[in-house]
Amino acid sequence: MATTAFITLLTETMPAGVLPGMSRDLGVSESTAGQSVTVFAIGAILAAIPLTKATIGWPRRHLLLVAIAGFAVANTVTALSGSFALTLAARFLGGIVGGLLWALLAGYAVRMVPSHQRGKALAIAMGGATVALSVGVPAAAFLAKLVGWRYAFGIMTVLTLALIVWVIAAVPNFPGQPKGSRLPLTRTLRIPGVAPVLFVTLTFVLAHGILYTYIAPFLKPLGMAGQVDTVLLTFGLVSLVSIWIAGALVHQRLRLLMILACVLFATSALLLGIFSGVPALVYASAALWGLAFGGASTLLQTAVAEAAGDAGDVAQALLTTGWNVGIAAGGIIGGIVLSGLDASWLSWITLALLVPALATVLAARKYGFIEGELGSR
């Protein structure tokens, strides 16, 4: 599950690490090439809810294998494509299977363990996503400098094919859910606590997407264009610490951890806005950002699962949609900012988005981001 999450998020975010070479080879601007992240997210937005509902009765392993195979196709086409239009089509396909996978993985992981280990299971499974950010994207950026960005996508295809074999050999199968047992979409949204978690997901991930997708153009005017990989590595390595903290404490301190995530991310954005000319503080900001973001997936998925109860699969699909709306909108908004404003505005827009996210977490004391140990109510 963790490796699947790794491949899913690395496929989605890899353009952030290879943006200069990708834009140059495909003959488009960096802001235009950044829309390859947006298109992936749009595919996930369009697919997550309808495909989750349409395939809810499928055996889980069969569905997992179909989705992973979709990544092999998408990454192979991206690696070989000489046309930006074809690249976008491949990225859109990747987004479709990515949206399905994000909705599938959380429920799959928690079915493998006893109820008291659900938080840890989610942290491990979703930890692969943070490893993608911590190691995968910086490695792709480094590889792009050495041999070109296409090899990074080619390696992803090889990893995906190996994962298919591993899933067949090691992952247990589970039956799908009877269609009559799921709650309608509108009823799921009305469950207390679900809407606040979805709103925080949208704003938090939108803030992240704006800055992460365009980190290379953000660093360029600071004289740090050659340090994109090391800045992302700093972000990612600290994210691994955040995963461990989230996995260990999510069931006892969900509310506190989400408040800290918002505060740390806001502090990072503020430092980047004020002290972006000081390289050491840029790295410090990246570390705070990683500490805030690494465990966010575990926190948000646990919060929506606890709030939704029996409607967990539909709620996870909604969360996946909100997450990818944030990524897609981040690519669009960041591209617009770069087209008309200075790149330093990215950090201030990020900060502005984190204010309502924090306010919502603070307000959702009774439902959504509750105090105390989960499952005690």
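Please read these numbers as outputs of a predicted model, since none were measured by experiment. (Residues numbered from 1 in each chain as written. Predicted model: local features only at pLDDT ≥ 70, side-chain atom pairs only at ≥ 80, totals over all residues. Heavy atoms only, no water.)

Novice: Whenever I open this one, the overall build of the protein chain confuses me. Can you help?
Specialist: Assigned secondary structure in the protein chain consists of 15 helices and zero strands. Its C-alpha atoms give the protein chain a radius of gyration of 19 Å, near enough to 21 Å, the size a compact globule of 377 residues would have. Counting only C-alpha atoms and orienting by the principal axes, one finds that the protein chain spans roughly 55 × 40 × 30 Å. When burial is assessed residue by residue, the protein chain has 56% of its 377 residues classed as buried. Sequence separation of 24 or more characterises 84% of the internal contacts of the protein chain that already satisfy a separation of 6 or more. Accessible surface for the protein chain amounts to roughly 14,100 Å². Of this, 71% is attributable to carbon and sulfur atoms. Put simply, the protein chain has 20 plus and 10 minus side-chain charges, and the middle of one group is 8 Å from the middle of the other. (Helix = DSSP H or I, 4+ residues; strand = E, 2+ residues; numbered from the N terminus. Rg over C-alpha atoms; globule rule 2.2 N^0.38 Å. Buried < 20%, exposed > 50% of the residue type's maximum accessible area, 1.4 Å probe, protein only. Contact = heavy atoms within 4.5 Å. Areas by Shrake-Rupley, 256 points an atom, 1.4 Å probe, with all protein chains shown as cover. Lys, Arg positive; Asp, Glu negative; His and termini not counted. Charge placed at Lys NZ, Arg CZ, Asp CG, Glu CD.)

Novice: Any chance you could explain the side chain of Ser31 here in plain terms?
Specialist: Checked against the element boundaries, Ser31 lands in helix H2 (residues 30-33). Judged by its relative accessible area of 18%, Ser31 falls in the buried class. Here the side chain of Ser31 touches Ser29 through a polar contact of 3.2 Å, side chain to side chain. With near-sequence residues (within four places) excluded, Ser31 lies in contact with Tyr214, Gly335 and Ser339. (Polar contact = N/O pair within 3.5 Å; in protein donor to acceptor, adjacent residues only side chain to side chain.)

Novice: I keep staring at the nonpolar core and nothing clicks. Help me out?
Specialist: It is characteristic of soluble globular proteins that their nonpolar side chains tend to be buried jointly. Core analysis: the largest hydrophobic core is formed by 113 residues, its most contacted members being Leu64, Phe204, Leu219, Met258, Trp289, Leu300 and Phe369. Among residues more than four places away in sequence, those in contact with Met258 are Val200, Phe204, Leu299, Leu300, Val361 and Phe369. (Core = buried A, V, L, I, M, F, W, Y, C linked by side-chain atoms within 4.5 Å.)

Novice: Explain the packing of helix H14 (residues 312-340) against helix H15 (residues 345-363) to me, please; I cannot follow it from the model alone.
Specialist: Geometry of a packed helix pair, given as the angle between the helix axes and the separation of the axes. Running from N to C, H14 and H15 cross one another at 140°; their axes reach a closest spacing of 10 Å. Considering the relative orientation of H14 and H15, their crossing is right-handed. Packed against H14, whose contacting residues are Gly334, Val337 and Leu338, the element H15 presents Trp345, Leu346 and Ile349 at the interface. In terms of residue class, the contact of H14 with H15 is made up of five nonpolar, one polar and no charged. (Axes fitted to C-alpha atoms, helices over the stretch in contact; angles between N-to-C directions. Left-handed = near helix turned anticlockwise from the far one by under 90°. Nonpolar A, V, L, I, M, F, W, Y, C, P; charged D, E, K, R; others polar.)

Novice: Quick question: what am I supposed to make of helix H12 (residues 279-293) here?
Specialist: The α-helix advances 3.6 residues per turn, and as a result positions three or four apart in sequence lie on the same side. Over its 15 residues, H12 extends 21 Å from the first C-alpha to the last, a length consistent with the 21 Å expected when each residue adds 1.5 Å. Residues Val282, Ser285, Ala286, Trp289, Gly290, Ala292 and Phe293 constitute the buried set of H12. Along the axis of H12, the buried positions cluster into a sector of 160°, meaning they face one direction only. (Expected span 1.5 Å × (residues − 1). Arc of directions from axis to C-beta.)

Novice: Mind showing me how you'd approach a nonpolar patch on the surface here?
Specialist: Where nonpolar side chains cluster on the molecular surface, the patch consists of Leu270, Ile274, Phe275, Val278, Leu341, Trp345 and Trp348 and spans about 630 Å² of accessible area. Counting only elements with at least two residues in the nonpolar patch, the list comes to helix H11 (228-274) and H15. Looking at where Ile274 falls in the secondary structure, it is placed in helix H11. (Patch = residues over 30% accessible without salt bridge, like charges linked within 9 Å, V, L, I, M, F, W, Y side chains within 5 Å. Salt bridge = Lys/Arg side-chain N within 4 Å of Asp/Glu carboxyl O.)

Novice: Sorry if this is basic, but what is going on with the environment of Leu9 here?
Specialist: Within the secondary structure, Leu9 is located in helix H1 (residues 2-26). Sequence spacing of Leu9 and Gly128 is 119 residues, and the spatial spacing of their C-alpha atoms is 8.3 Å.

Novice: Would you explain helix H7 (residues 149-170) in this entry?
Specialist: For H7, built from 22 residues, the straight-helix expectation of 32 Å at 1.5 Å per residue is met to within 8% by its first-to-last C-alpha distance of 32 Å. Those residues of H7 that fall on the buried side of the exposure criterion are Trp149, Ala152, Phe153, Met156, Thr157, Thr160, Leu163, Ile164 and Val167. Summarising the axial view, the buried residues of H7 lie within an arc of 150°, below the 170-degree limit, and thus occupy one face. In H7, the exposed positions that point more than 90 degrees away from the buried face belong to Tyr151, Val158, Val165, Trp166 and Ala169.

Novice: Explanation requested: the packing of helix H13 (residues 296-308) against H14 in the structure shown.
Specialist: Running from amino to carboxyl end, H13 crosses H14 at an angle of 140°, the nearest separation of the two axes being 9 Å. Handedness of the H13/H14 crossing: right-handed. Together, Ser297, Leu300, Gln301, Val304, Ala305 and Ala308 of H13 and Gly312, Ala315, Gln316, Leu319 and Trp323 of H14 make up the contact between the two elements. The residue inventory of the contact of H13 with H14, partitioned by class, reads seven nonpolar, four polar and no charged.

Novice: Please clarify how the packing of aromatic side chains should be interpreted in this entry.
Specialist: We describe a pair of aromatic rings using the distance from one ring centre to the other and the angle between the two ring planes. In this structure the tally under the stated criterion is eleven aromatic pairs. With a centroid separation of 5.9 Å and 90° between ring planes, the pair formed by Trp149 and Phe153 is classed as edge-to-face. Here Trp149 pairs with Phe153, and both are found in helix H7, just four residues apart, close to one helical turn. The exposure class assigned to Trp149 is buried, which follows from its relative accessible area of 2%. When the ring of Tyr212 is compared with that of Phe235, the centres are 5.5 Å apart and the planes differ by 55°; the resulting orientation is tilted. Here Phe235 lies in helix H11 and Tyr212 lies in helix H9 (residues 194-213), a separation of 23 residues in the sequence. Of the two residues, Tyr212 and Phe235, both sit in the buried class. Grouping aromatic residues by their ring pairs yields a cluster made of Phe204, Tyr212, Phe235, Phe265, Trp289, Phe293 and Trp323. (Phe/Tyr/Trp six-rings, centres within 6.5 Å; stacked < 30°, edge-to-face > 60°.)

Novice: Mind showing me how you'd approach the environment of Gly95 here?
Specialist: With respect to the helices, strands and loops of the structure, Gly95 is situated in helix H5 (residues 84-111). For Gly95, a relative accessible area of 0% gives the class buried. Sequence-wise, Gly95 and Ile45 are 50 residues apart; in three dimensions their C-alpha atoms are separated by 8.0 Å. With sequence-adjacent residues up to four places away left out, Gly95 is seen in contact with Phe40, Gly43 and Ala44.

Novice: How should I be thinking about the environment of Tyr214 in this particular structure?
Specialist: Positionally, Tyr214 belongs in the loop between H9 and helix H10 (215-219). For the pair Tyr214 and Gly17, spaced 197 residues apart in sequence, the C-alpha to C-alpha distance is 9.1 Å. In this structure the side chain of Tyr214 is engaged in a polar contact, spanning 3.0 Å, whose partner is the side chain of Gln35.

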